[in-house]
Amino acid sequence: MASKTITTPAGIARFANLNRPDTKFSEVGVYKVNLEMSAEDAEPFIKQIEALFSEFIADKKRELKKDKLKLHAAPWEENDGLVQLKLKVPAVGKGKDGEEYSRKPKLFDASGKETDVTIGGGSKIKVAVVPYTWYTASLGAGITLQPKAVQVIDLVTWGDGGTAESYGFDVSEARQDTKRTGTDDEEISW
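Residues numbered from 1 in each chain as written. Predicted model: local features only at pLDDT ≥ 70, side-chain atom pairs only at ≥ 80, totals over all residues. Heavy atoms only, no water.

Enquirer: Whenever I open this one, the overall build of the protein chain confuses me. Can you help?
Expert: When helices and strands are counted, the protein chain shows one helix and ten strands. Put simply, the protein chain runs from its N terminus to its C terminus through helices and strands in the order β-β-β-α-β-β-β-β-β-β-β. Sorting the 190 residues of the protein chain into buried and exposed places 32% on the buried side. Residue pairs at least 24 apart in sequence account for 66% of intrachain contacts in the protein chain once pairs closer than 6 positions are excluded. Surface exposure of the protein chain reaches about 13000 Å², of which carbon and sulfur atoms provide 48%. (Helix = DSSP H or I, 4+ residues; strand = E, 2+ residues; numbered from the N terminus. Buried < 20%, exposed > 50% of the residue type's maximum accessible area, 1.4 Å probe, protein only. Contact = heavy atoms within 4.5 Å. Areas by Shrake-Rupley, 256 points an atom, 1.4 Å probe, with all protein chains shown as cover.)

Enquirer: Even after reading the chapter, I still don't get the nonpolar core, so can you show me in this structure?
Expert: One recurring pattern in soluble globular proteins: nonpolar side chains tend to sit buried together. In this structure, Phe45, Leu85, Leu87, Ile119, Ile125 and Val150 are the most contacted members of the largest nonpolar core, which totals 30 residues. Where this core is concerned, the elements lending two or more residues are β2 (11-22), β3 (30-38), α1 (39-64), β5 (82-90), β9 (124-136) and β10 (140-154). Residue contributions to this core peak at eight residues, all from α1. (Core = buried A, V, L, I, M, F, W, Y, C linked by side-chain atoms within 4.5 Å.)

Enquirer: Quick question: what am I supposed to make of the environment of serine 38 here?
Expert: Residue placement: serine 38 occurs in strand β3. Using a relative accessible area of 26% as the deciding quantity, one classes serine 38 as partly exposed. As a C-alpha pair, serine 38 and asparagine 79 span 41 residues in sequence and 9.7 Å in three-dimensional space. Those residues in contact with serine 38, other than ones at most four positions away along the chain, are Gly81, Leu82 and Val83.

Enquirer: It is not clear to me how the pattern of salt bridges should be interpreted in this structure. Could you clarify?
Expert: Two side chains carrying opposite charge are able to pair once their charged atoms lie near each other. Scanning all chains against the criterion turns up six salt bridges. In this structure, glutamate 63 and lysine 60 form a salt bridge, with 3.3 Å as the shortest nitrogen-oxygen distance. Highlighted residues: glutamate 63 and lysine 60, both in helix α1, separated by three residues, approximately one helical turn. The class of lysine 60 is buried, set by a relative accessible area of 14%. With a shortest N-O distance of 2.8 Å, lysine 86 and glutamate 77 are connected by a salt bridge. Taking relative accessible area as the criterion, lysine 86 reaches 32% and is therefore assigned partly exposed. (Salt bridge = Lys/Arg side-chain N within 4 Å of Asp/Glu carboxyl O.)

Enquirer: Got a minute to help me understand the pairing of β9 in this structure?
Expert: Bridge count between strand β1 (residues 6-7) and β9: two bridges; the pairing is antiparallel. Along β9, the bridge assignment pairs isoleucine 6 with valine 129. Bridge count between β2 and β9: two bridges; the pairing is antiparallel. Paired with glycine 11 across the two strands is isoleucine 125, which belongs to β9. Looking at chain direction, β9 and β10 are connected through 13 bridges and run antiparallel. Considered in β10, the bridge of valine 129 is made with proline 147. Hairpin geometry of β9 and β10 is characterised by an intervening segment of three residues between the two adjacent antiparallel strands. (Pairing = 2+ DSSP bridges.)

Enquirer: Sorry, what's going on with α1 here?
Expert: Because an α-helix completes one turn every 3.6 residues, residues spaced three or four positions apart along the sequence face the same direction. Along α1, the sharpest change in direction is near 30° and occurs at phenylalanine 45. The set of residues buried in α1 consists of Ala42, Phe45, Ile46, Ile49, Leu52, Phe53, Phe56, Ile57 and Lys60. In this fold, the buried residues of α1 make contact with β1, β3, β4 (76-79), β5, β9 and β10. Just downstream of α1 lies lysine 65, where phi reads positive at about 55°. (Bend = angle between axes of the 7 residues up to and from the residue.)

Enquirer: In this structure, what is going on with the packing of aromatic side chains? I would like to understand it.
Expert: For the coordinates displayed, the defined rule picks out one aromatic pair. Arranged with centres 6.3 Å apart and planes meeting at 20°, the rings of phenylalanine 53 and phenylalanine 56 form a pair that is stacked. Linking phenylalanine 53 with phenylalanine 56, this pair stays in helix α1, spanning three residues, or about one helical turn. There is no split in this pair, since phenylalanine 53 and phenylalanine 56 are both buried. (Phe/Tyr/Trp six-rings, centres within 6.5 Å; stacked < 30°, edge-to-face > 60°.)

Now the structure itself:
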């Protein structure tokens, strides 16, 4: 099946590893993000992916001369009206000549200019994905949504310490009417 790039609706990034690969379970690493949105917003995108996958399944059944195929879990979950698309791609690929190349997704800002911002969880983004269909006898047929490019609509960075407001604290004036009285030997009153 030919590679076709499909762009997701805008959603909120969860567990984003788009600037550097996650190497927790893979030595070469994986670029990944869970993209959260309402089920209503996700529905047209999911229908496109399901249509591509159905076509792949039909072709694979003919090829293997089987009536049924075992199916691997879909790359999304729905819970309480929210959908999380699970997008991931190995950090390194190999060309036909055996040369390795980076599969890091290109990053663009809201105006479409290339950027190198650090994308944190909570950022509002769109992702151009390449649906990759696959089949193995042990796992069955599956589809992986591989991020190729990301547009950052509303950036939330991580690692910058944040502000009091970003942690949900109200900003209020400090109380100035208290003072310390007493000496080292006396009881302290506030």
